[in-house]
Amino acid sequence: MKKIVSIAFLVLVLGCGPRDLVKNQNWGNALGTTYSIIYIADEPLDYQQEIDSVFQVLNQSMSTYIPTSDISKINEGDTTIVVDDMFREVFTVSTKVHEASNGYFDPTVGVLANAWGFGPGEQLELDSLRVDSLLQYVGWDKVKMNADNTISRTSPSIRFDFNAVAKGYAIDRLGALLDQKGITDYLVEVGGEVLAKGTNRISGNQWTVGIDDPQVETGRQLKRIVTLKDKAMASSGNYRKFRVDPETGEKYVHTINPKTGYTKNSSILATSVVAKTCAVADAFATSFMAMDLEASKEVLSKHDELEAYIIYLDENGYTQEFFTEGFAALVKQ
(Lines give C-alpha, C1' and ligand atoms only; values in the text may rest on other atoms or scores of the structure.)
Protein backbone atom coordinates (compact mmCIF):
# COMPACT_ATOMS: atom_id res chain seq x y z
CA MET A 1 0.00 0.00 0.00
CA LYS A 2 2.73 2.31 0.72
CA LYS A 3 6.13 3.43 1.25
CA ILE A 4 9.22 1.46 1.48
CA VAL A 5 11.36 4.59 1.47
CA SER A 6 11.39 7.63 3.71
CA ILE A 7 8.55 10.11 3.33
CA ALA A 8 9.13 12.74 6.07
CA PHE A 9 12.49 14.39 6.80
CA LEU A 10 13.27 14.96 10.43
CA VAL A 11 15.12 17.78 12.06
CA LEU A 12 16.52 16.66 15.38
CA VAL A 13 17.08 19.73 17.51
CA LEU A 14 19.86 18.97 19.95
CA GLY A 15 21.88 21.31 22.09
CA CYS A 16 24.65 21.30 24.60
CA GLY A 17 23.79 20.48 28.17
CA PRO A 18 25.03 19.19 31.47
CA ARG A 19 28.23 17.19 31.33
CA ASP A 20 26.77 14.32 33.33
CA LEU A 21 24.32 13.52 30.52
CA VAL A 22 25.32 11.64 27.38
CA LYS A 23 23.63 11.74 24.00
CA ASN A 24 23.95 8.19 22.68
CA GLN A 25 23.12 7.61 19.02
CA ASN A 26 22.90 4.68 16.63
CA TRP A 27 22.15 5.09 12.96
CA GLY A 28 22.31 3.11 9.75
CA ASN A 29 20.21 1.46 7.07
CA ALA A 30 17.33 -0.98 7.56
CA LEU A 31 13.95 -1.85 6.04
CA GLY A 32 14.96 -0.21 2.77
CA THR A 33 15.55 3.17 4.40
CA THR A 34 17.64 4.89 7.07
CA TYR A 35 17.24 5.05 10.82
CA SER A 36 18.48 7.20 13.69
CA ILE A 37 18.05 6.43 17.38
CA ILE A 38 18.98 8.99 20.03
CA TYR A 39 18.81 8.13 23.72
CA ILE A 40 19.86 10.22 26.68
CA ALA A 41 21.56 8.52 29.60
CA ASP A 42 24.01 9.16 32.42
CA GLU A 43 26.73 7.19 30.67
CA PRO A 44 27.87 6.17 27.19
CA LEU A 45 25.80 3.27 25.88
CA ASP A 46 25.65 1.32 22.64
CA TYR A 47 22.70 -0.93 21.87
CA GLN A 48 23.63 -1.54 18.23
CA GLN A 49 23.56 -5.32 18.55
CA GLU A 50 20.09 -5.32 20.08
CA ILE A 51 18.84 -2.81 17.48
CA ASP A 52 20.17 -4.97 14.64
CA SER A 53 18.38 -7.95 16.19
CA VAL A 54 15.01 -6.14 16.15
CA PHE A 55 15.38 -5.35 12.45
CA GLN A 56 16.54 -8.88 11.68
CA VAL A 57 13.59 -10.53 13.41
CA LEU A 58 11.13 -8.10 11.80
CA ASN A 59 12.55 -8.76 8.33
CA GLN A 60 12.39 -12.51 8.82
CA SER A 61 8.77 -12.17 9.85
CA MET A 62 7.31 -9.58 7.48
CA SER A 63 9.63 -8.53 4.63
CA THR A 64 8.10 -9.33 1.24
CA TYR A 65 11.54 -8.73 -0.28
CA ILE A 66 13.10 -11.70 1.52
CA PRO A 67 11.96 -14.97 -0.12
CA THR A 68 12.58 -16.98 3.07
CA SER A 69 10.56 -14.68 5.36
CA ASP A 70 7.36 -15.93 6.95
CA ILE A 71 5.19 -13.51 4.98
CA SER A 72 6.81 -14.53 1.68
CA LYS A 73 6.28 -18.21 2.44
CA ILE A 74 2.64 -17.54 3.38
CA ASN A 75 2.16 -15.56 0.16
CA GLU A 76 3.58 -18.48 -1.79
CA GLY A 77 1.10 -20.89 -0.23
CA ASP A 78 2.80 -22.41 2.80
CA THR A 79 -0.07 -23.01 5.24
CA THR A 80 2.16 -24.56 7.92
CA ILE A 81 3.92 -21.35 8.94
CA VAL A 82 3.34 -20.51 12.62
CA VAL A 83 3.76 -16.75 12.80
CA ASP A 84 5.64 -15.01 15.59
CA ASP A 85 4.52 -12.37 18.09
CA MET A 86 5.47 -9.53 15.76
CA PHE A 87 3.35 -10.86 12.91
CA ARG A 88 0.41 -11.44 15.25
CA GLU A 89 0.60 -7.94 16.67
CA VAL A 90 0.77 -6.33 13.22
CA PHE A 91 -2.15 -8.51 12.08
CA THR A 92 -4.17 -7.30 15.10
CA VAL A 93 -3.31 -3.63 14.47
CA SER A 94 -4.23 -4.06 10.81
CA THR A 95 -7.61 -5.52 11.74
CA LYS A 96 -8.41 -2.59 14.03
CA VAL A 97 -7.33 0.10 11.54
CA HIS A 98 -9.10 -1.70 8.69
CA GLU A 99 -12.35 -1.47 10.62
CA ALA A 100 -11.77 2.12 11.83
CA SER A 101 -10.88 3.33 8.33
CA ASN A 102 -13.95 1.73 6.75
CA GLY A 103 -11.75 -0.64 4.78
CA TYR A 104 -9.33 1.90 3.30
CA PHE A 105 -6.46 0.27 5.16
CA ASP A 106 -6.05 -3.24 3.79
CA PRO A 107 -2.73 -5.15 3.76
CA THR A 108 -4.11 -7.67 1.27
CA VAL A 109 -3.39 -5.17 -1.53
CA GLY A 110 -0.14 -7.04 -2.16
CA VAL A 111 -1.36 -8.46 -5.45
CA LEU A 112 -2.19 -4.93 -6.63
CA ALA A 113 1.09 -3.47 -5.31
CA ASN A 114 2.93 -6.04 -7.43
CA ALA A 115 0.77 -5.40 -10.48
CA TRP A 116 1.27 -1.63 -10.30
CA GLY A 117 5.05 -2.02 -9.90
CA PHE A 118 5.36 -1.22 -6.19
CA GLY A 119 6.10 -4.68 -4.81
CA PRO A 120 8.56 -7.52 -5.23
CA GLY A 121 6.31 -9.36 -7.70
CA GLU A 122 5.79 -9.02 -11.42
CA GLN A 123 4.50 -5.71 -12.77
CA LEU A 124 1.58 -6.18 -15.15
CA GLU A 125 -0.01 -4.31 -18.02
CA LEU A 126 -3.23 -3.15 -16.44
CA ASP A 127 -6.59 -2.15 -17.83
CA SER A 128 -9.99 -1.96 -16.13
CA LEU A 129 -10.74 -5.65 -16.74
CA ARG A 130 -7.40 -6.75 -15.31
CA VAL A 131 -7.79 -4.52 -12.25
CA ASP A 132 -11.29 -5.87 -11.64
CA SER A 133 -9.99 -9.43 -11.87
CA LEU A 134 -7.27 -8.71 -9.30
CA LEU A 135 -9.71 -7.07 -6.87
CA GLN A 136 -11.22 -10.47 -6.10
CA TYR A 137 -7.95 -11.24 -4.28
CA VAL A 138 -8.16 -8.14 -2.06
CA GLY A 139 -10.12 -8.01 1.18
CA TRP A 140 -9.27 -8.32 4.86
CA ASP A 141 -12.33 -10.53 5.32
CA LYS A 142 -10.61 -13.10 3.10
CA VAL A 143 -7.78 -13.80 5.56
CA LYS A 144 -7.76 -15.15 9.10
CA MET A 145 -5.41 -15.74 11.99
CA ASN A 146 -6.09 -19.24 13.28
CA ALA A 147 -5.97 -20.43 16.88
CA ASP A 148 -2.67 -22.23 16.21
CA ASN A 149 -1.15 -18.98 14.82
CA THR A 150 -1.21 -20.15 11.23
CA ILE A 151 -2.79 -18.00 8.52
CA SER A 152 -5.70 -18.94 6.29
CA ARG A 153 -6.58 -17.29 2.96
CA THR A 154 -9.64 -17.87 0.85
CA SER A 155 -7.46 -17.88 -2.27
CA PRO A 156 -3.80 -18.72 -2.89
CA SER A 157 -3.58 -15.55 -5.02
CA ILE A 158 -4.06 -13.28 -2.00
CA ARG A 159 -0.85 -11.47 -1.06
CA PHE A 160 -0.08 -9.81 2.27
CA ASP A 161 1.87 -6.54 2.21
CA PHE A 162 2.54 -4.93 5.60
CA ASN A 163 4.76 -2.14 4.27
CA ALA A 164 2.24 0.49 5.41
CA VAL A 165 2.42 -0.59 9.04
CA ALA A 166 5.60 -2.65 9.60
CA LYS A 167 7.96 0.32 9.68
CA GLY A 168 5.89 2.01 12.34
CA TYR A 169 5.73 -1.26 14.25
CA ALA A 170 9.53 -1.58 14.06
CA ILE A 171 9.80 1.80 15.76
CA ASP A 172 7.47 0.64 18.52
CA ARG A 173 9.63 -2.44 19.07
CA LEU A 174 12.79 -0.30 19.24
CA GLY A 175 11.03 1.92 21.78
CA ALA A 176 10.11 -1.17 23.82
CA LEU A 177 13.76 -2.22 23.72
CA LEU A 178 14.85 1.12 25.16
CA ASP A 179 12.09 0.97 27.76
CA GLN A 180 13.39 -2.41 28.88
CA LYS A 181 16.86 -0.91 29.20
CA GLY A 182 15.50 1.73 31.56
CA ILE A 183 15.93 4.60 29.08
CA THR A 184 13.37 7.33 29.80
CA ASP A 185 14.27 9.90 27.13
CA TYR A 186 14.71 8.95 23.48
CA LEU A 187 13.81 9.69 19.88
CA VAL A 188 13.53 6.77 17.46
CA GLU A 189 13.28 7.54 13.74
CA VAL A 190 13.03 5.07 10.86
CA GLY A 191 12.46 6.41 7.36
CA GLY A 192 10.72 9.54 8.62
CA GLU A 193 8.45 7.92 11.19
CA VAL A 194 9.19 8.76 14.82
CA LEU A 195 8.55 7.79 18.40
CA ALA A 196 9.46 10.32 21.08
CA LYS A 197 9.61 9.60 24.78
CA GLY A 198 10.43 12.00 27.57
CA THR A 199 12.44 15.05 26.58
CA ASN A 200 15.84 15.99 25.25
CA ARG A 201 17.33 16.49 28.69
CA ILE A 202 20.59 17.78 27.23
CA SER A 203 18.95 20.81 25.62
CA GLY A 204 16.16 20.95 28.18
CA ASN A 205 13.57 21.00 25.40
CA GLN A 206 11.00 18.65 23.99
CA TRP A 207 11.96 16.51 21.02
CA THR A 208 11.43 18.50 17.84
CA VAL A 209 10.86 17.03 14.37
CA GLY A 210 10.13 18.46 10.95
CA ILE A 211 7.66 17.51 8.21
CA ASP A 212 8.61 17.82 4.53
CA ASP A 213 6.83 20.17 2.16
CA PRO A 214 5.20 17.72 -0.31
CA GLN A 215 5.38 20.21 -3.19
CA VAL A 216 9.17 20.39 -3.15
CA GLU A 217 10.24 17.46 -5.34
CA THR A 218 13.99 18.16 -5.44
CA GLY A 219 15.85 18.57 -2.21
CA ARG A 220 13.95 19.04 1.02
CA GLN A 221 12.15 21.94 2.60
CA LEU A 222 10.25 21.81 5.86
CA LYS A 223 6.55 22.57 5.86
CA ARG A 224 6.00 22.38 9.62
CA ILE A 225 7.99 21.71 12.79
CA VAL A 226 6.29 19.95 15.68
CA THR A 227 7.19 18.94 19.22
CA LEU A 228 6.50 15.47 20.54
CA LYS A 229 6.50 13.87 23.98
CA ASP A 230 5.45 10.28 24.66
CA LYS A 231 3.86 10.14 21.20
CA ALA A 232 4.54 8.68 17.77
CA MET A 233 4.14 10.38 14.41
CA ALA A 234 4.02 8.91 10.91
CA SER A 235 3.78 10.73 7.61
CA SER A 236 2.71 9.58 4.17
CA GLY A 237 2.69 11.15 0.75
CA ASN A 238 3.04 10.43 -2.95
CA TYR A 239 5.65 13.05 -3.70
CA ARG A 240 8.67 10.77 -3.13
CA LYS A 241 7.37 7.33 -4.10
CA PHE A 242 5.92 7.02 -7.59
CA ARG A 243 6.83 5.69 -11.00
CA VAL A 244 6.39 7.13 -14.48
CA ASP A 245 5.47 4.95 -17.45
CA PRO A 246 8.41 5.39 -19.88
CA GLU A 247 6.13 5.09 -22.91
CA THR A 248 3.08 7.14 -21.92
CA GLY A 249 4.65 9.47 -19.35
CA GLU A 250 1.74 8.75 -17.00
CA LYS A 251 2.51 9.04 -13.29
CA TYR A 252 1.50 6.22 -10.97
CA VAL A 253 1.64 6.88 -7.23
CA HIS A 254 2.21 4.19 -4.62
CA THR A 255 -1.01 4.74 -2.64
CA ILE A 256 -3.48 2.10 -3.79
CA ASN A 257 -7.19 2.38 -3.10
CA PRO A 258 -8.19 -1.13 -1.98
CA LYS A 259 -11.80 -0.46 -2.93
CA THR A 260 -11.13 0.42 -6.58
CA GLY A 261 -7.80 -1.28 -7.21
CA TYR A 262 -6.29 1.83 -8.72
CA THR A 263 -3.39 3.98 -7.58
CA LYS A 264 -4.75 7.07 -5.91
CA ASN A 265 -4.04 10.40 -7.61
CA SER A 266 -6.07 12.82 -5.54
CA SER A 267 -6.14 16.24 -3.96
CA ILE A 268 -4.49 14.84 -0.81
CA LEU A 269 -0.78 15.64 -1.01
CA ALA A 270 0.49 14.40 2.35
CA THR A 271 -0.70 13.29 5.75
CA SER A 272 0.84 13.16 9.21
CA VAL A 273 -0.76 11.33 12.12
CA VAL A 274 0.14 11.42 15.81
CA ALA A 275 -0.86 8.45 17.95
CA LYS A 276 0.27 6.52 20.99
CA THR A 277 2.03 3.91 18.85
CA CYS A 278 3.81 4.37 15.56
CA ALA A 279 2.21 1.30 13.99
CA VAL A 280 -1.24 2.88 14.42
CA ALA A 281 0.01 6.28 13.22
CA ASP A 282 1.63 4.64 10.18
CA ALA A 283 -1.50 2.72 9.20
CA PHE A 284 -3.82 5.73 9.56
CA ALA A 285 -1.45 8.02 7.64
CA THR A 286 -1.70 5.60 4.73
CA SER A 287 -5.46 5.33 5.07
CA PHE A 288 -5.92 9.09 4.93
CA MET A 289 -3.90 9.22 1.71
CA ALA A 290 -6.42 6.85 0.10
CA MET A 291 -9.48 8.61 1.50
CA ASP A 292 -11.07 11.91 0.61
CA LEU A 293 -10.59 14.70 3.13
CA GLU A 294 -14.17 14.64 4.41
CA ALA A 295 -13.97 10.88 4.97
CA SER A 296 -10.75 11.35 6.94
CA LYS A 297 -12.38 14.06 9.06
CA GLU A 298 -15.25 11.70 9.83
CA VAL A 299 -12.86 8.99 11.01
CA LEU A 300 -10.93 11.49 13.12
CA SER A 301 -14.14 12.72 14.75
CA LYS A 302 -14.67 9.20 16.09
CA HIS A 303 -11.09 8.67 17.32
CA ASP A 304 -9.97 11.22 19.87
CA GLU A 305 -6.75 9.28 20.36
CA LEU A 306 -5.57 10.42 16.90
CA GLU A 307 -4.30 13.81 15.80
CA ALA A 308 -3.75 14.60 12.14
CA TYR A 309 -2.34 17.13 9.71
CA ILE A 310 -3.40 16.86 6.07
CA ILE A 311 -2.05 18.94 3.18
CA TYR A 312 -4.40 19.07 0.20
CA LEU A 313 -5.47 21.03 -2.86
CA ASP A 314 -8.83 22.78 -2.81
CA GLU A 315 -11.26 22.90 -5.73
CA ASN A 316 -9.33 25.84 -7.21
CA GLY A 317 -6.00 24.04 -7.00
CA TYR A 318 -4.66 26.05 -4.07
CA THR A 319 -2.70 24.35 -1.31
CA GLN A 320 -4.58 24.12 1.98
CA GLU A 321 -3.87 22.60 5.37
CA PHE A 322 -6.17 20.79 7.77
CA PHE A 323 -5.21 20.36 11.43
CA THR A 324 -6.99 18.63 14.24
CA GLU A 325 -6.99 20.83 17.32
CA GLY A 326 -4.50 18.58 19.09
CA PHE A 327 -2.08 18.55 16.17
CA ALA A 328 -2.20 22.33 15.85
CA ALA A 329 -1.12 22.55 19.49
CA LEU A 330 2.05 20.60 18.64
CA VAL A 331 3.17 22.93 15.84
CA LYS A 332 6.01 25.30 16.69
CA GLN A 333 5.10 28.85 15.73
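Residues numbered from 1 in each chain as written. Predicted model: local features only at pLDDT ≥ 70, side-chain atom pairs only at ≥ 80, totals over all residues. Heavy atoms only, no water.

## Some thoughts on the pairing of strand E9 (residues 231-237)
Argument step 1. Burial of E9 is extensive: 6 of the 7 residues sit out of reach of the surface.
Argument step 2. As paired elements, strand E6 (residues 193-197) and E9 share 3 bridges and run antiparallel to each other. Bridge pairing in E9 links valine 194 to methionine 233.
Argument step 3. Alignment of E9 against strand E12 (residues 268-275), held across 6 bridges, turns out to be antiparallel. Among the inter-strand pairings, serine 236 is bridged to a residue of E12, identified as threonine 271. (Buried < 20%, exposed > 50% of the residue type's maximum accessible area, 1.4 Å probe, protein only. Helix = DSSP H or I, 4+ residues; strand = E, 2+ residues; numbered from the N terminus. Pairing = 2+ DSSP bridges.)

## A short note on the nonpolar core
Argument step 1. Ranked by internal contacts, the top residues of the largest apolar core, which has 66 residues, are Phe55, Phe87, Phe160 and Phe162.
Argument step 2. In this structure, phenylalanine 160 is in contact with Thr64, Ile71, Ile74, Asn75, Phe91, Pro107, Trp140, Val143, Ile151 and Arg153, ignoring residues within four places of it in sequence.
Argument step 3. Within the second largest apolar cluster, 20 residues are counted, among which are Ile202, Val226, Leu269 and Ala270. (Core = buried A, V, L, I, M, F, W, Y, C linked by side-chain atoms within 4.5 Å. Contact = heavy atoms within 4.5 Å.)

## A closer look at the side chain of serine 69
Argument step 1. Checked against the element boundaries, serine 69 lands in the loop between helix H1 (48-62) and helix H2 (70-75).
Argument step 2. Beyond its immediate sequence surroundings of up to four residues, serine 69 is in contact with Asn59, Gln60 and Ser63.

## As for the pattern of salt bridges
Argument step 1. Applying the stated criterion across every chain yields a total of 8 salt bridges.
Argument step 2. Note that aspartate 179 and lysine 197 form a salt bridge whose closest N and O atoms lie 2.9 Å from each other. Taken together, the residues span a long stretch of sequence, with aspartate 179 in helix H6 (residues 163-180) and lysine 197 in strand E6 at a distance of 18 residues.
Argument step 3. A relative accessible area of 36% places aspartate 179 in the partly exposed class. (Salt bridge = Lys/Arg side-chain N within 4 Å of Asp/Glu carboxyl O.)

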